[in-house]
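Understanding the architecture of this molecule
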Protein chains: 2
Amino acid sequence: MENTLQNKELTMESVITQSELLEHWQGHRKLTRRVIEAFPEKELFSFSVGGMRPFSELAMEMIKMAGPGIRGVLTGKWKQFGEVDSDYEKSEPKTKTEILELWDITTREIDEVWPQIPVQRFHEVEAAFGQYEGTMISTIFYLIDNEIHHRGQGYVYLRALGIEPPYFWER
Amino acid sequence: MENTLQNKELTMESVITQSELLEHWQGHRKLTRRVIEAFPEKELFSFSVGGMRPFSELAMEMIKMAGPGIRGVLTGKWKQFGEVDSDYEKSEPKTKTEILELWDITTREIDEVWPQIPVQRFHEVEAAFGQYEGTMISTIFYLIDNEIHHRGQGYVYLRALGIEPPYFWER
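Our subject in this report is the structure included herewith. Nothing here was measured: the structure is a model prediction, and the numbers come from that model. (Residues numbered from 1 in each chain as written. Chains lettered and ligands numbered in written order. Predicted model: local features only at pLDDT ≥ 70, side-chain atom pairs only at ≥ 80, totals over all residues. Heavy atoms only, no water.)

What relates the pair of chain copies is a rotation about an axis plus a shift along that axis. Under the fitted operation, chain A is carried onto chain B by 0.0 Å of movement along the axis and a turn of 180 degrees, and the coordinates agree to an RMSD of 0.0 Å. This pairing of chains is accounted for by a two-fold axis. (Least-squares fit on C-alpha atoms with pLDDT ≥ 70 in both.)

Put into C-alpha cells, the structure is as follows:
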C-alpha cells in the first residue's frame, strides 16, 4: 500500500512517465505507418521533391535508427549507425509490404525493450551509435523527432502527388 | 539536505524533468527560427509545394498555438484556437522581421510561464483550446510535434528552392 502510494507520488512528480512516453512514440509510429501505406508502390521508392530521398529511404532510416537505437539505450552496446547487426537491418526492401513488415518488427521490438530500461538509464550520458554524445532521453527524443521531421516531408510528397495524407492528430 | 536528496531521487524517477523538457522545446524553437531566417523574404510568404501553405503561415500557426497554448496549460483558461487575446496574435506580419519578432516574444513567454506550471498539472485532462481533450503533457507534445512536422515541410520548400536548410541536429 505504502509502495503504491509512493509510486503514484513519483509518477505525479514527472511531467511524463516512462510508459506514457512509449505510448506517445508508438502513437507517432502508427501514424508514420499510415503515411507509408498512403504512398503508391512506385512513388514510395521513386518520388521526391527538391532532390531529396524518396519516402522509402526516409522510412528505412527510421527503421535502422529505432531498433538499434532502443537496443543501444538498453544495453549500452552501440554499433555505428547503419552497421548491420540483425537480419532485418541487412535487408533492402523492394516493396511496400516488406517495409511495413520491417516497421512492424521494429514496433514489437520497441514494445519489448522499453519496459526493461531502468528509469535512471534515461539520464545517463553516452555516445549513441558510437558518435552522438548525449543523455539517453535526448537520444530517444532524437529518434522520435527525426521520425516526425521526415514524416512531415512525406506529407509534402503526398500532397505533391495529389494524395491526401492521414490527419496529423490521428495516432 | 534530506529535501535535496529526495528531489534528486524524484528527478531520477522521471524519464525527463520539467526543465529538461523546456530546454528540449526551446532547442527545437531555435532551429525553427533558423529555418524562418533561411527563407528569402518573398518566398517565405509565397512559395509552397503541392498547394500547401507558405512557410510564413506555418510559422504563424506555431506562434498562435505556442503562446496561447502554454498560457492555457498554466491558467486553465482556453480560447478557441486563433481567437485573438493579445496584441501580437492580432498582428498579421508582412515581413520576415515581424515574424521573427513575434517568434522571440513567444520564446520569452514560454520561458516565463513554464516554471510556474505545477508538475501535477501536466497530468490533468482538459479540452485544450476549448476542443482538444487530453492531458496537458499531450497538449504540450502536440505543440512541439506540430512544430517539428511543419518545420520538416519547410525543409522541403527550402530544398525545392535550392537552399540548404540548417542541420536538423543543430539546436
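That covers the picture; the talk isn't over yet.
Quick look at helix H7 (residues 136–160) of chain A now. Residues and elements named next belong to chain A. Along its 25 residues, H7 runs 36 Å from first to last C-alpha, staying within 8% of the 36 Å computed at 1.5 Å per residue. Of all 25 residues in H7, 21 are buried, a share of seventy percent or more. Gly-162 occupies a position one or two residues after H7 and carries a positive phi of about 80 degrees. (Helix = DSSP H or I, 4+ residues; strand = E, 2+ residues; numbered from the N terminus. Expected span 1.5 Å × (residues − 1). Buried < 20%, exposed > 50% of the residue type's maximum accessible area, 1.4 Å probe, protein only.)

So, about the pattern of salt bridges. Side chains that differ in sign of charge can pair as their charged atoms come close. Taken as a whole, this structure holds 16 salt bridges over all chains when the rule is applied. Arg-71 of chain A serves as the salt-bridge partner of Glu-109 of chain A, at 2.3 Å between the closest nitrogen and oxygen. With a gap of 38 residues between them, Glu-109 of chain A in helix H6 (residues 96–113) and Arg-71 of chain A in helix H4 (residues 55–75) connect regions that are remote in the sequence. Accessibility classification places Glu-109 of chain A together with Arg-71 of chain A in one group, the buried group. Between Arg-34 of chain B and Glu-170 of chain B there is a salt bridge, with its nearest N and O atoms 3.4 Å apart. Linking Arg-34 of chain B in helix H2 (residues 18–38) with Glu-170 of chain B in the segment after helix H7 (136–160), this pair joins segments that are 136 residues apart in sequence. On the accessibility criterion, Arg-34 of chain B (26% relative accessible area) is partly exposed. Given the relative accessible area of 34%, Glu-170 of chain B is considered partly exposed. A network of salt bridges, in which partner residues are shared, links Arg-33, Glu-37 and Asp-104 of chain A. (Salt bridge = Lys/Arg side-chain N within 4 Å of Asp/Glu carboxyl O.)

The way to describe two aromatic rings as a pair is by their centre distance and the angle between their planes. Applying the stated rule across the entire model yields 15 aromatic pairs over all chains. Ring centres of Phe-47 of chain B and Tyr-157 of chain B lie 6.1 Å apart, and the angle between their planes is 85 degrees; this geometry places the pair in the edge-to-face category. Pair noted here: Phe-47 of chain B is in the loop between helix H3 (41–46) and helix H4 (55–75) and Tyr-157 of chain B is in helix H7, with a separation of 110 residues, a long-range link. Here the aromatic residues Trp-25, Trp-114 and Phe-122 of chain A are joined through ring pairs into a cluster of three or more. (Phe/Tyr/Trp six-rings, centres within 6.5 Å; stacked < 30°, edge-to-face > 60°.)

Within the largest apolar cluster, 50 residues are counted, with the highest numbers of intra-cluster contacts made by Trp-114 of chain A together with Trp-114 of chain B. Setting aside anything within four residues of it in sequence, one finds Trp-114 of chain B in contact with Gln-18, Ser-19, Leu-21, Leu-22, Trp-25, Ile-70, Phe-122 and Ile-140 of chain B. Residues Phe-39 and Met-62 of chain A together with Leu-44 and Met-62 of chain B belong to the second largest nonpolar core, which totals 44 residues. (Core = buried A, V, L, I, M, F, W, Y, C linked by side-chain atoms within 4.5 Å. Contact = heavy atoms within 4.5 Å.)

Quick look at the pairing of strand E2 (residues 132–135) of chain B now. All names here are of chain B. As judged from the four bridges shared by strand E1 (residues 125–128) and E2, these two strands associate in the antiparallel manner. Residue Glu-126 lies in a different strand from E2, and its bridge partner there is Gly-134. Joining the antiparallel neighbours E1 and E2 is a turn of three residues, in which Phe-129 adopts a positive phi near 55 degrees. (Pairing = 2+ DSSP bridges.)

Let's shift gears to the packing of H2 of chain B against H4 of chain B. Angle between the axes and distance between the axes: these two values describe a pair of packed helices. Residue and element names in this part refer to chain B. Where H2 meets H4, the closest approach of the two axes is 11 Å, and the angle between their N-to-C directions is 155 degrees. Considered as vectors, H2 and H4 are oriented roughly antiparallel to each other. Where H2 crosses over H4, the handedness of that crossing is left-handed. Between H2, through Trp-25, Arg-29, Thr-32, Val-35 and Ile-36, and H4, the contact on the second element is made entirely by Phe-55, Ala-59, Met-62, Ala-66 and Ile-70. (Axes fitted to C-alpha atoms, helices over the stretch in contact; angles between N-to-C directions. Parallel < 35°, antiparallel > 145°, perpendicular 65-115°, else oblique. Left-handed = near helix turned anticlockwise from the far one by under 90°.)

A word on the interface of chain A and chain B. The interface is formed by 37 residues belonging to chain A together with 36 residues belonging to chain B. For the pair chain A and chain B, the summed buried surface comes to about 3,500 Å²; carbon and sulfur atoms form 73% of the total. Taken as a group, Val-15, His-123 and His-149 of chain A account for 20% of the area that chain A buries against chain B, more than any other trio of residues on that side. Run the count over chain A and chain B and you get zero salt bridges. In this assembly, chain A and chain B are joined by nine residue pairs in polar contact (both at pLDDT 80 or more). The set of elements that each furnish at least two residues to the side of chain A that touches chain B consists of helix H1 (2–12), helix H2 (18–38) and H7 of chain A. With 14 residues, the top contributor of residues to the side of chain A that touches chain B is H7 of chain A. Partitioned by chemical class, the residues of the side of chain A that touches chain B number 19 nonpolar, 13 polar and five charged. (Buried area = accessible area lost by both parts, 1.4 Å probe. Polar contact = N/O pair within 3.5 Å; in protein donor to acceptor, adjacent residues only side chain to side chain. Nonpolar A, V, L, I, M, F, W, Y, C, P; charged D, E, K, R; others polar.)

Residues and elements named next belong to chain A. For the pair H2 and H6, the least separation of the axes is 11 Å and the interaxial angle reads 175 degrees. In terms of orientation, H2 and H6 fall into the roughly antiparallel class. Taken together, the residues of H6 that come into contact with H2 (itself represented by Leu-22, Trp-25, Gln-26, Arg-29, Thr-32, Arg-33, Ile-36 and Glu-37) are Lys-96, Ile-99, Leu-100, Trp-103, Asp-104, Thr-106, Thr-107, Ile-110 and Asp-111. Its residues placed into classes, the contact of H2 with H6 shows seven nonpolar, four polar and six charged.

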